[in-house]
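# Examining the three-dimensional arrangement
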Amino acid sequence: MTRVGILMGSKSDLPVMKAAGAVLDELGVGWEMRILSAHRTPEQAREYAMTAEKRGLRVIIAGAGMAAHLAGVMAGVSPLPVIGVPLGASLGGFDSLLATVQMPPGVPVATVAVGKAGAKNAAWLAVRILALSDPEVRQRHLDARAAMTAKVLAADAEIQG
Ligand code: RP5
């Protein structure tokens, strides 16, 4: 079942945004991916936001660079939780960080870090949201966190010699 929509403003965003899909694959969460631009394809972006919930999506992840309005448009049109990934297309991503995070009250975009770390965390956050109502996703999330912990402890033990 497709639960998460991963959007990006341009094909140039794909190398970063595909990291979100990889995390969702690891956690066994179904997703779809679209290139939709708030500025270049505003009608298609609006249509996506208007139909997302009806089609079964539960979370929208939207990554964009420069004047990054894609996540904000999603949050303005769709009632679903929206996670914004600011991308470093210019000014080191500071412009897109501000454009994504500074939403007016009542229309939140949960904004993660700039770039690939943000794309990964957008997926991890989507998993946490889905885990609230899906016991299987919840268990896979807990298992993945335990594996993360074990990996760090193993690395620590290794450097102790
Ligand atoms: C934004 O403008 C896109 O999300 C991309 O990060 C940036 C540059 O787009 P391109 O000129 O590479 O298509 O809309």
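Shown above is the structure to which this text applies.
So, a few notes on the structure that sits alongside this text. (Residues numbered from 1 in each chain as written. Predicted model: local features only at pLDDT ≥ 70, side-chain atom pairs only at ≥ 80, totals over all residues. Heavy atoms only, no water.)

Next up on the list: the nonpolar core. One finds Val4, Met17, Val29, Ile61 and Val85 to be the most contacted residues of the largest nonpolar core, which totals 26 residues. For this core, the secondary structure elements donating two or more residues are strand 1 (2-8), helix 1 (14-26), strand 3 (59-65), strand 4 (82-87), helix 5 (116-131) and helix 6 (135-160). By residue number, the principal contributor to this core is helix 5, which donates eight residues. Residues within four places of Met17 in sequence aside, it is in contact with Ile6, Leu7, Met8, Met33, Ile61, Gly63, Val85, Leu87 and Ala119. (Core = buried A, V, L, I, M, F, W, Y, C linked by side-chain atoms within 4.5 Å. Buried < 20%, exposed > 50% of the residue type's maximum accessible area, 1.4 Å probe, protein only. Helix = DSSP H or I, 4+ residues; strand = E, 2+ residues; numbered from the N terminus. Contact = heavy atoms within 4.5 Å.)

Attention now moves to unusual backbone geometry. One non-glycine residue, Met66, adopts positive backbone phi at about 60°. A positive phi angle is found at Leu91, which is not glycine, with a value near 50°.

For the rest of this paragraph, the subject is the pairing of strand 4. With six of six residues buried, strand 4 is to be regarded as a mostly interior element. Here strand 4 shows two buried faces, one formed by Val82, Gly84 and Pro86 and the other by Ile83, Val85 and Leu87. Regarding topology, helix 3 (residues 70-77) serves as the crossover connection from strand 3 to the parallel strand 4, and that connection is right-handed. Direction of pairing for strand 4 relative to strand 5 (residues 110-111): parallel, over a ladder of two bridges. Counted as the bridge partner of Ile83 is Ala110 from strand 5. Crossover connection from strand 4 via helix 4 (residues 94-101) to parallel strand 5: handedness right-handed. (Right-handed = clockwise from strand over helix to strand, strands pointing away. Pairing = 2+ DSSP bridges.)

If you trace the backbone, Ser37 turns up in the loop between strand 2 (30-35) and helix 2 (42-51). On the accessibility criterion, Ser37 (8% relative accessible area) is buried. A distance of 2.8 Å separates a polar side-chain atom of Ser37 from the backbone nitrogen of Arg40. Apart from residues no more than four positions distant in its own chain, Ser37 is found in contact with Gly9, Pro42, Ala45 and Leu70. (Polar contact = N/O pair within 3.5 Å; in protein donor to acceptor, adjacent residues only side chain to side chain.)

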